[in-house]
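A look at the structure
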Amino acid sequence: MAATTHTAKAMDARAAGQRLVNQWLANVHSAPERGQPVAYVFVMGNAVEILRVFGFELVFPEINSLQTGVRKAAPDFLAKAEDYGFSPDVCSYVKADVGLMLSDMAHPSGTRIPRPDLAIASSLCNVYIKWAEIWERHFGAPAFVLDIPGKRFATWKPIPGTAQYDADKRWVEGQLRDLISQCERITGKKFDPDRLAEVEANVNEMVRLWVEILTLNQRRPAPYNSMLDGLTYIGVLNAWRGTPEGVEYMRLLRDEVAGKVARGEGRVRQERFRLIFSGTPCYVNMRRLVELFETHGGVFAASDYLTYAAGGLDSSGLFYDPSRPLESLAEVTTLASQLGLSNHFFSHHTLAQQVKDYAADGIVYHGIKSCRTVATSMADNREYVTTRYGLPTLYIESDLIDPRYWSDAQIKNRVDAFFEVLEQRALLKGGK
Amino acid sequence: MLYVAGVDVGSTQAKAVVLDEQAHVAGEAILDVEMNMSSAAQQVFDLVVASAGLTPDDIAFTVATGYGRYRVTFGDLQVTEISCHARGAVAEFPNTRTVLDIGGQDTKAIRIGDSGEVVDFAMNDKCAAGTGRFLGAASFALELPLSELGPLALKATAPVKITTTCTVFAESEIIGHLAKGRRPEDVLAGMHHSIATRCASLVRRVGLTPEITFTGGVSRNAAMVSLLRDVLDTPLNVSAQGHFMGAIGAALYALDHARAGTPGTRRASVEEVAP
């Protein structure tokens, strides 16, 4: 009977997540009918909290694009953008979005994506700014670029109370005030700081639960796979960030994952190797990639993607202070960028800590054709963890959603060889 | 007497060896892979067994390796060519700490640990530049058999600089140089240098730790051996059996299993081919 209860429980979180995604897409689709303003935002550095205060419906073009990959529809959208003149080297997320624009915004999910009333980009990715310019031209909607100061150099740390920190924070806060003025003009509503405090309290609860969920995967066997289950979790939490529905979902999810831990249920039937996935997913073949690892008993116990693509929710020590909501939003936005999002050249310490926390046997780096910037740090990072900790690592390459860069035989060969390395290592250590 | 086999089905050729109980080579065979990897594997297996004066029933254990390893339907176990080349190289040159294998469409640099285990590896990604296929393009453009490319390149006096990294475009670059009156040996030396430079970069990626053993079909090319020594600025171990190193490594794994009496985990079937 216990197994039946577990299945029902497992269905609950999955069904709740699916229901929320469907509801969000339906809300997006019908926003123009309701006269609800629409904002396009990215998953990093997006000031969603302010948009929620003004009642914007949120569109995440990155999620639209990745969904074309998940739904195996990406080639059509990419081809439209390339036929239009975009180089094959341009980020496939951008091209899928351009393909969507050239398809009258008819998304393969069945959603008609409405035009934006406002678009927010940030300096956390250089492509974001150019991408937002495309929206500006195509839709005639204003783009607001948040300039968030990043990390300065390897040993630099943002220290609250220092002059530099205060200057950075004020710089971001000033921009948030400009954004608020723009939102007031677009919506005709006056800014309500109490509503911002409410949204922030919800985000805080989501952060707390998310950190708990991430930590639960330190247990052996890992209750979920970061690069399959985890990707669906962050989809929901990005779309419902700062909402009561988001909090409720996260609570349900936490309970479900905690239940699996209590019962000793692992994602993989026989967990043999615990791995960390570093980099971005290949949404077009993610299930296949995970299967290649799971057939060898390898589970992705952790991934840095579940932190930096979770809308800044990675900042485990960073919670809003709803008693001073705007100032606090500026602080967390700045710190999340400086600590979590802009330091990929210096992320080896974080990764090394994850290796310890999650008792990882190896790290898998996934470089993507779409973003050489993200892949740039991987060579340094690999070199550091292999020489410093003697940890086996694997580098594989494909793309976010462009199936032309997925070479199954090559990737399978590398994965098989990686597990032979792990097996040999385990044999020499006398374990497994 | 106990006999085992290693079958290496690569992108261009299938190689097989039979080892006896003392790990001596009792037979070897090689043939070109055309359309059907499974039948190429079967044929090369039949050839190697015959060359050893045996029948298939005499083979106690067979390990398959190479891209076509899952097509070797009679294989008892599949092991990647990364592990097999490492194993073969260490067996012949025990002090090997780095293996460079240049194959038909893959080039691999493998770092070896003190116990002969694979510690790390790097391979060419998404592009066949720096692999044997690059020489295939030269062979086609110059209408020369592969075996003549190396000796001719060694006669170069003024090597050209090949700038393209694309195997397909390399052919037109070769034709362009020939049209300008450059001598074939100088063009070939440029091609070899281009491959050597890319391979050296791959080796540095895993750490250039001596001794370095050069394996794979291209290790039979004297010009490539010479250029790699220059580019890497270090001696290279090159085996007369370099071409068979993957198959030898596979057969050594087979010998482990045959001696230990452990069963294989036959995973191969025609259906079980990656999509």
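Scroll up to find the structure this text is about.
Residues numbered from 1 in each chain as written. Chains lettered and ligands numbered in written order. Predicted model: local features only at pLDDT ≥ 70, side-chain atom pairs only at ≥ 80, totals over all residues.

Adjacent strands of a sheet form backbone hydrogen bonds with each other and so pair up, either parallel or antiparallel. Residues and elements named next belong to chain A. As summarised here, the arrangement of the four strands in space is 6-5-7-8, forming an open sheet in which the pairing is parallel. Strands with a single pairing partner mark the edges of an open sheet, and in this sheet they are strand 6 (298-303) and strand 8 (393-398). Shown here is a sheet whose adjacent strand axes are inclined to one another by a mean of 30 degrees, direction ignored. Across five bridges, the pairing between strand 5 (residues 273-279) and strand 6 is parallel. Bridge pairing in strand 6 links F273 to G298. Running at roughly 160 degrees to strand 5, helix 14 (residues 348-357) makes contact with strand 5, strand 6 and strand 7 (362-368) of the sheet. (Pairing = 2+ DSSP bridges. Helix = DSSP H or I, 4+ residues; strand = E, 2+ residues; numbered from the N terminus. Axes fitted to C-alpha atoms, helices over the stretch in contact; angles between N-to-C directions. Contact = placed C-beta atoms within 7 Å.)

Right, let's get into the sheet that holds strand 8 (residues 118-123) of chain B. Residue and element names in this part refer to chain B. Across the sheet, which stays open at both edges, the five strands sit in the order 8-7-6-9-10 with mixed pairing between neighbours. Across the chains shown, the open sheet's two edge strands, defined by having one partner strand only, are strand 8 and strand 10 (236-238). Taken pair by pair, the neighbouring strands of this sheet meet at an average axis angle of 25 degrees, ignoring direction. Here strand 6 (residues 98-102) runs beside strand 7 (residues 107-112); their pairing, made up of five bridges, is antiparallel. Within strand 7, the residue paired with L100 across the bridge is A109. Contacts from helix 7 (residues 222-232) reach strand 9 (212-215) and strand 10 within the one sheet, and its direction differs from that of strand 10 by about 160 degrees.

To continue, consider the nonpolar core. Counting residues in each nonpolar core, the largest one holds 212 residues, and the members touching the most others are A:L275, B:A5, B:V7 and B:A251. In this structure, A:L275 is in contact with A:F293, A:G298, A:V299, A:F300, A:A301, A:A360, A:D361, A:G362, A:I363 and A:V364, ignoring residues within four places of it in sequence. (Core = buried A, V, L, I, M, F, W, Y, C linked by C-beta atoms within 7 Å. Buried ≥ 20, exposed ≤ 12 C-beta atoms within 10 Å, placed from the backbone.)

What follows deals with the packing of helix 2 (residues 81-92) of chain B against helix 8 (residues 245-260) of chain B. The axes of two packed helices give the description: the angle between them and the distance between them. Residue and element names in this part refer to chain B. Interaxial distance between helix 2 and helix 8 falls to 7 Å at its minimum, and their mutual angle equals 90 degrees. Classed by the angle they form, the pair helix 2 and helix 8 counts as roughly perpendicular. Only M245, G246, I248, G249, A250, L252 and Y253 of helix 8 make contact with helix 2, whose side of the interface consists of E81, S83, C84, H85, A86, R87, G88, A89 and A91. Within the contact of helix 2 with helix 8, the residues separate by chemical class into nine nonpolar, five polar and two charged. (Parallel < 35°, antiparallel > 145°, perpendicular 65-115°, else oblique. Nonpolar A, V, L, I, M, F, W, Y, C, P; charged D, E, K, R; others polar.)

Below, the discussion takes up the pairing of strand 1 (residues 3-9) of chain B. All names here are of chain B. With respect to burial, strand 1 is a largely interior element, seven of its seven residues being buried. Side-chain alternation along strand 1 places Y3, A5, V7 and V9 on one buried face and V4, G6 and D8 on a second face that is also buried. Inspection of the sheet shows strand 1 paired to strand 2 (residues 13-20) by seven bridges, in the antiparallel sense. Residue pairing for strand 2: V9 is matched across the bridge by A14. In sequence, strand 1 turns back onto strand 2 through a hairpin of three residues.

The next point concerns helix 5 (residues 167-179) of chain B. All names here are of chain B. Between its terminal C-alpha atoms helix 5 stretches 19 Å, which fits the 18 Å expected from 13 residues at 1.5 Å a residue. Of all the residues in helix 5, the buried ones are A170, E173, I174 and H177. Taken around the axis of helix 5, the buried residues stretch over an arc of 105 degrees, which confines them to a single face. For helix 5, the exposed residues set more than 90 degrees away from the buried face come down to V168 and A179. Downstream of helix 5 by a residue or two, G181 has a phi angle that is positive, lying close to 95 degrees. (Expected span 1.5 Å × (residues − 1). Arc of directions from axis to C-beta.)

Another aspect to go through is helix 10 (residues 244-263) of chain A. In this model, helix 10 of chain A (20 residues) spans 29 Å end to end at C-alpha, consistent with the 28 Å of a helix rising 1.5 Å per residue. For helix 10 of chain A, every residue scored as buried is listed here: A:G246, A:V247, A:Y249, A:M250, A:L253, A:E256, A:V257 and A:K260.

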